[in-house]
Amino acid sequence: MKKCILTMACVALLLSSCAGEFNKVYKSQDYDYRYEYAKQSFAEGKYGHAVTLLEDMVAVLKGHNGGDKAQESLYMLAMAQFMTRDYESASETFKKYTTSYPKGDYAEKAFYYVGESLFESAPEPRLDQSPTIGAINAYQTFLDNFPDSPYREEAQRKLFELQDKLIMKEYLSAKLYYNLGGYFGNINANNESNYTSCIITAENALKIYPFTKLREDFSLLIVKSKFQLAENSSNDKKLERYRDAEDECYGFINEFPDSEHKDLAERYIAKCKKITKD
């Protein structure tokens with residue numbers, strides 16, 4: 001028991017000593033001393049300490065023509081923010097580095113980590129994808145500026161992953177429109193609008209991402225939406241829409257001859273022919 005109490009007391013004393021040393025450094029006006037302590041903290045993985053020391057020091061060093069120290073302190077601050085998972089702040093600080101020192105010693109990594117920071121903060125597909133778009137643009141800028149970088153392959157891989165997220169958002173939107181189209185039962189303006197929105201969303205996605213792995217899924221939604229529009233159309237629109245649906249079904253079968261949904265498309269064609277032949 002005495003040994004345990006003694007150990008706890010030693011730990012408390014050590015922590016108090018460390019906190020006291022950090023506070024002394026933080027209050028110091030000797031920026032060389034603070035800079036070196038921040039570097040040491042960063043090297044030891046004490047990223048929170050590094051952030052605290054560097055946040056108000058980067059402007060001071062730059063204002064005093066700190067040269068290499070000003071440049072390095074800004075990069076260290078961004079990396080420390082990244083390591084503490086403050087990705088929003090990290091992306092802004094890395095961007096600041098790229099604009100302040102576009103040819104600096106850490107420019108390549110800074111450009112890359114703008115994308116990395118935004119990548120880490122990119123939300124799931126159902127949510128607003130502004131960070132995802134920002135990350136795609138950041139990775140593309142990095143690839144344009146550093147085509148031979150050792151980070152190139154990783155940046156490309158993540159760029160494609162982010163594009164897949166945007167595609168999935170479009171697919172979920174199109175699918176939601178289709179599901180809402182049948183929500184109201186008998187066709188009305190709301191149903192028709194939803195089926196039309198599904199078709200437009202899916203077709204636009206295929207124009208932007210023609211080689212997506214969800215191409216068949218988008219195409220199937222278009223087929224189903226066009227058939228539902230035809231099935232529930234007023235007499236003046238019915239014939240034209242059945243013909244459109246029939247053409248879409250043939251196009252689907254031609255493009256995806258081995259699809260598990262081929263039978264559905266063929267059933268739709270048979271129903272369409274009954275109307276278009278009369």
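It should be emphasised that the depicted structure is a prediction, and the values quoted were computed from it without experimental measurement.

**Topic: the overall build of the chain**
Logical step 1: Secondary structure assignment for the chain yields 13 helices and zero strands.
Logical step 2: Counted from the first residue to the last, the chain has its helices and strands arranged as α-α-α-α-α-α-α-α-α-α-α-α-α.
Logical step 3: Evaluated residue by residue, the chain yields a buried proportion of 40% over its 278 residues.
Logical step 4: Sequence-distant contacts, at least 24 apart, represent 53% of the contacts inside the chain between residues at least 6 apart.
Logical step 5: When the accessible surface of the chain is split by element, carbon and sulfur atoms take 52% of a total near 16,200 Å².

**Some words on the packing of aromatic side chains**
Logical step 1: Here the structure, examined in full by the defined rule, presents 20 aromatic pairs.
Logical step 2: Geometry around F119 places K158 over its ring, the cationic atom sitting 4.9 Å from the centre.

**Re the confidence of the model for the chain**
Note that predicted coordinates carrying low pLDDT should not be read in detail.
Logical step 1: Within the chain, residue pLDDT values average 87, and 86% of them lie at 70 or more.
Logical step 2: Averaged over each element, pLDDT in the chain is lowest for helix α1 (residues 2-27) (51) and highest for helix α7 (residues 107-121) (97).
Logical step 3: pLDDT under 50 marks residues 2-18. Its contacts with residues more than four places away, or in other chains, come to zero contacts.

**So, the side chain of T201**
Logical step 1: Position of T201 among the secondary structure elements: in helix α10 (residues 189-208).
Logical step 2: Classification of T201 by relative accessible area gives buried; the value is 13%.
Logical step 3: A polar contact of 2.8 Å, which involves the side chain of T201, links it to the backbone oxygen of S197.
Logical step 4: Excluding anything up to four places from it in sequence, T201 contacts E170, S173, A174 and Y177.

**Description of the pattern of salt bridges**
Logical step 1: Counting across every chain of the model gives twelve salt bridges.
Logical step 2: The residue R157 makes a salt bridge to E154 at a minimum N-O spacing of 2.8 Å. Of this pair, R157 and E154 both sit in helix α9 (residues 152-181), three residues apart, roughly one helical turn.
Logical step 3: A salt bridge links E248 to K226, with the shortest nitrogen-to-oxygen separation between them at 2.8 Å. Here the residue E248 occupies a position in helix α12 (residues 235-255), and K226 occupies one in helix α11 (residues 215-231), the gap between them amounting to 22 residues.

**Some details on the nonpolar core**
Logical step 1: Membership of the largest hydrophobic core comes to 61 residues, with the highest contact counts inside it found for L54, F94, Y97, Y139, F142, L162 and F218.
Logical step 2: Per element, the largest residue contribution to this core is nine residues, and it comes from helix α5 (residues 68-83).
Logical step 3: Setting aside residues up to four positions removed in sequence, F94 forms contacts with Y75, A78, M79, F82, A110, Y113, V114 and S117.

**Topic: unusual backbone geometry**
Logical step 1: In this structure, R85 is a non-glycine residue whose phi angle is positive, near 65°.
Logical step 2: Looking at the secondary structure, you find R85 in the loop between α5 and α6 (87-100).

**Concerning the packing of helix α2 (residues 31-43) against α5**
Logical step 1: At a minimum axis separation of 11 Å, α2 and α5 run at an interaxial angle of 40°. Along this stretch, α2 crosses α5, giving a crossing that reads as left-handed. From α2, D32, Y35, K39 and F42 reach across to α5, where they touch K69, E72, S73, M76, M79 and A80.
Logical step 2: A per-class count over the contact of α2 with α5 returns five nonpolar, one polar and four charged.

**Brief notes about α7**
Logical step 1: Spanning 15 residues, α7 covers 22 Å between terminal C-alpha atoms, matching the ideal 21 Å at 1.5 Å per step.
Logical step 2: α7 sits mainly inside the fold: eleven of its 15 residues count as buried.
Logical step 3: Buried within α7 are the following residues: A107, A110, F111, Y112, Y113, V114, G115, E116, S117, L118 and F119.
Logical step 4: For α7, the secondary structure elements touched by its buried residues are α5, α6, α8 (130-145) and α9.

Rules of the game
- Residues numbered from 1 in each chain as written.
- Predicted model: local features only at pLDDT ≥ 70, side-chain atom pairs only at ≥ 80, totals over all residues.
- Heavy atoms only, no water.
- Helix = DSSP H or I, 4+ residues; strand = E, 2+ residues; numbered from the N terminus.
- Buried < 20%, exposed > 50% of the residue type's maximum accessible area, 1.4 Å probe, protein only.
- Contact = heavy atoms within 4.5 Å.
- Areas by Shrake-Rupley, 256 points an atom, 1.4 Å probe, with all protein chains shown as cover.
- Phe/Tyr/Trp six-rings, centres within 6.5 Å; stacked < 30°, edge-to-face > 60°.
- Lys NZ or Arg CZ within 6 Å of the ring centre and 35° of its normal.
- pLDDT = per-residue confidence, 0-100.
- Polar contact = N/O pair within 3.5 Å; in protein donor to acceptor, adjacent residues only side chain to side chain.
- Salt bridge = Lys/Arg side-chain N within 4 Å of Asp/Glu carboxyl O.
- Core = buried A, V, L, I, M, F, W, Y, C linked by side-chain atoms within 4.5 Å.
- Axes fitted to C-alpha atoms, helices over the stretch in contact; angles between N-to-C directions.
- Left-handed = near helix turned anticlockwise from the far one by under 90°.
- Nonpolar A, V, L, I, M, F, W, Y, C, P; charged D, E, K, R; others polar.
- Expected span 1.5 Å × (residues − 1).

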